[in-house]
Amino acid sequence: MSTAEKIAEAARDILVREGSEAVSMRRVADAVGVTAMAIYKHYPNRQALLQGVADATFRELAAGWGTRVPEGAWESRVFGLLHDFLDFALGSPHLYTFLMTDRREQARHFPDDFKGGGSPAFERIVAIVEEGMAAGILRADVPLEAALALTSSTQGLVQLYLGGRIGLDEPAFRDLCERNVRRILDGLHA
């Protein structure tokens, strides 16, 4: 593993445990066993380091997204994607918040950065929506916008849950998310 990769991994470990605010060049340097100044040879500033962590994490998520139910009925694969997402969001809440809700200079913006595969993880949702439309399961619509409709409600529920505003245990919360996605799919069905 290169020094740059060790630095990014240490930054991600701190972020996962404590949140992005806890990531400092000094803390990362201490974790890696280098001087804080040595990090600047690989990352010009804290923002670049955090962006490197974000980019690597999105690539990792995209590679693993959809592996729960890689084949089978369309609806089963949709719910497999939902539960893959919930595994990530609930399993790494600080990392989820950093990627999905924290303000970042180079964060992707809807719709332009999401067209044509600009967001590898979201592209899986767009692809399954397009597949549903092509098969006549979903009515014809703008796939990118239909994918946003399908996902944004769950993201909002996750934010409420992580913020302590939903008083359910995790299994009951997952069930709530699944019921909510079913309601949205009912509205999108052909």
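Residues numbered from 1 in each chain as written. Predicted model: local features only at pLDDT ≥ 70, side-chain atom pairs only at ≥ 80, totals over all residues. Heavy atoms only, no water.

1. Re the layout of surface pockets
Stage number 1. Roughly 720 Å³ of volume is contained in the largest pocket.
Stage number 2. If you go around the largest pocket, you meet 31 residues; those closest to its centre are Met100, Phe114, Phe122, Thr151 and Gln155.
Stage number 3. At the level of elements, helix 4 (46–64), helix 5 (74–91), helix 6 (93–100), helix 7 (120–134) and helix 8 (143–162) are the ones that each hand at least two residues to the lining of the largest pocket. (1 Å grid on protein atoms, 1.4 Å probe; cavity = no way out; pocket = protein on both sides within 12 Å on 5 of 7 lines; lining within 4 Å. Points joined across faces, edges and corners; volume = space filled by probe spheres on them. Helix = DSSP H or I, 4+ residues; strand = E, 2+ residues; numbered from the N terminus.)

2. Here's the deal with the pattern of salt bridges
Stage number 1. Inspection of the entire model under this criterion finds seven salt bridges.
Stage number 2. What emerges from the salt-bridge pattern is a single network uniting Glu75, Glu178 and Arg182. (Salt bridge = Lys/Arg side-chain N within 4 Å of Asp/Glu carboxyl O.)

3. Details of the nonpolar core
Stage number 1. Counting 57 residues, the largest nonpolar core has Val28, Leu86, Leu99, Val129, Phe173 and Leu185 as its most contacted members.
Stage number 2. The dominant element in this core, judged by the number of residues it contributes, is helix 5, at 10 residues.
Stage number 3. If we ignore the near neighbours within four places in the chain, the residues touching Val129 are Leu138, Pro143, Ala146, Ala147 and Leu150. (Core = buried A, V, L, I, M, F, W, Y, C linked by side-chain atoms within 4.5 Å. Buried < 20%, exposed > 50% of the residue type's maximum accessible area, 1.4 Å probe, protein only. Contact = heavy atoms within 4.5 Å.)

4. A look at the side chain of Thr57
Stage number 1. Mapped onto the secondary structure, Thr57 falls in helix 4.
Stage number 2. If sequence neighbours within four positions are ignored, Thr57 has contacts with Arg12, Leu95 and Leu99.

5. Some details on the packing of helix 1 (residues 3–18) against helix 2 (residues 25–32)
Stage number 1. In contact at an axis separation of 9 Å, helix 1 and helix 2 are set at 115 degrees when each is read in the N-to-C sense. Where helix 1 crosses over helix 2, the handedness of that crossing is right-handed. Of helix 2, the residues touching helix 1 (which contributes Lys6, Ile7, Ala10, Ala11, Ile14, Arg17 and Glu18) are Arg27, Val28, Ala31 and Val32.
Stage number 2. For the contact of helix 1 with helix 2, the per-class residue count stands at seven nonpolar, no polar and four charged. (Axes fitted to C-alpha atoms, helices over the stretch in contact; angles between N-to-C directions. Left-handed = near helix turned anticlockwise from the far one by under 90°. Nonpolar A, V, L, I, M, F, W, Y, C, P; charged D, E, K, R; others polar.)

6. Some details on the UniProt feature "domain: HTH tetR-type" (unreviewed entry) in the chain
Stage number 1. Per the UniProt record, "domain: HTH tetR-type" (unreviewed entry) is annotated on residues 1–61.
Stage number 2. In the segment residues 1–61, helix accounts for 72% and strand for 0%; the C-alpha atoms at its two ends are 20 Å apart. (UniProt positions renumbered as here; feature names shortened; annotations may be inferred.)

7. As for helix 8
In an α-helix, one turn spans 3.6 residues; hence positions three or four apart end up facing the same way.
Stage number 1. For helix 8, spanning 20 residues, the distance from its first C-alpha to its last is 29 Å, which sits close to the expected 28 Å at 1.5 Å a residue.
Stage number 2. If you look at helix 8, its biggest bend is around 30 degrees, right at Thr151.
Stage number 3. Those residues of helix 8 that are buried lie in contact with helix 5, helix 6, helix 7 and helix 9 (170–188).
Stage number 4. Note on helix 8: the residue one or two positions beyond its end, Gly164, has a positive phi of about 75 degrees. (Expected span 1.5 Å × (residues − 1). Bend = angle between axes of the 7 residues up to and from the residue.)

8. Regarding the UniProt feature "DNA-binding region" (unreviewed entry) in the chain
Stage number 1. According to UniProt, the "DNA-binding region" (unreviewed entry) feature falls on residues 24–43.
Stage number 2. Annotated as 60% helix and 0% strand, the span residues 24–43 places its first and last C-alpha atoms 12 Å apart.

9. Concerning the packing of aromatic side chains
Stage number 1. This model, assessed by the stated rule, comprises three aromatic pairs.
Stage number 2. Note on Phe85 and Tyr96: the rings are 5.7 Å apart at their centroids and 75 degrees apart in plane angle, and the pair reads as edge-to-face. Of the two residues, Phe85 sits in helix 5 while Tyr96 sits in helix 6, which places them 11 residues apart along the sequence.
Stage number 3. Taking the relative accessible area as the measure of exposure, Phe85 reaches 11% and is therefore buried.
Stage number 4. The exposure class of Tyr96 is buried, given its relative accessible area of 1%.
Stage number 5. Ring centres of Tyr161 and Phe173 lie 4.1 Å apart, and the angle between their planes is 15 degrees; on these two criteria the pair is classed as stacked. (Phe/Tyr/Trp six-rings, centres within 6.5 Å; stacked < 30°, edge-to-face > 60°.)

10. Section: the packing of helix 5 against helix 9
Stage number 1. It is the contact of helix 5 with helix 9, at a shortest axis distance of 11 Å, that shows an interaxial angle of 140 degrees. On the basis of the axis angle, helix 5 is oblique to helix 9. Here helix 5 and helix 9 pass one another in a crossing that is right-handed. Residues Trp74, Glu75, Val78, Phe79, Leu82, His83, Leu86, Asp87 and Leu90 of helix 5 lie in contact with helix 9, whose contacting residues are Glu170, Phe173, Arg174, Cys177, Glu178, Val181, Arg182 and Leu185. (Parallel < 35°, antiparallel > 145°, perpendicular 65-115°, else oblique.)

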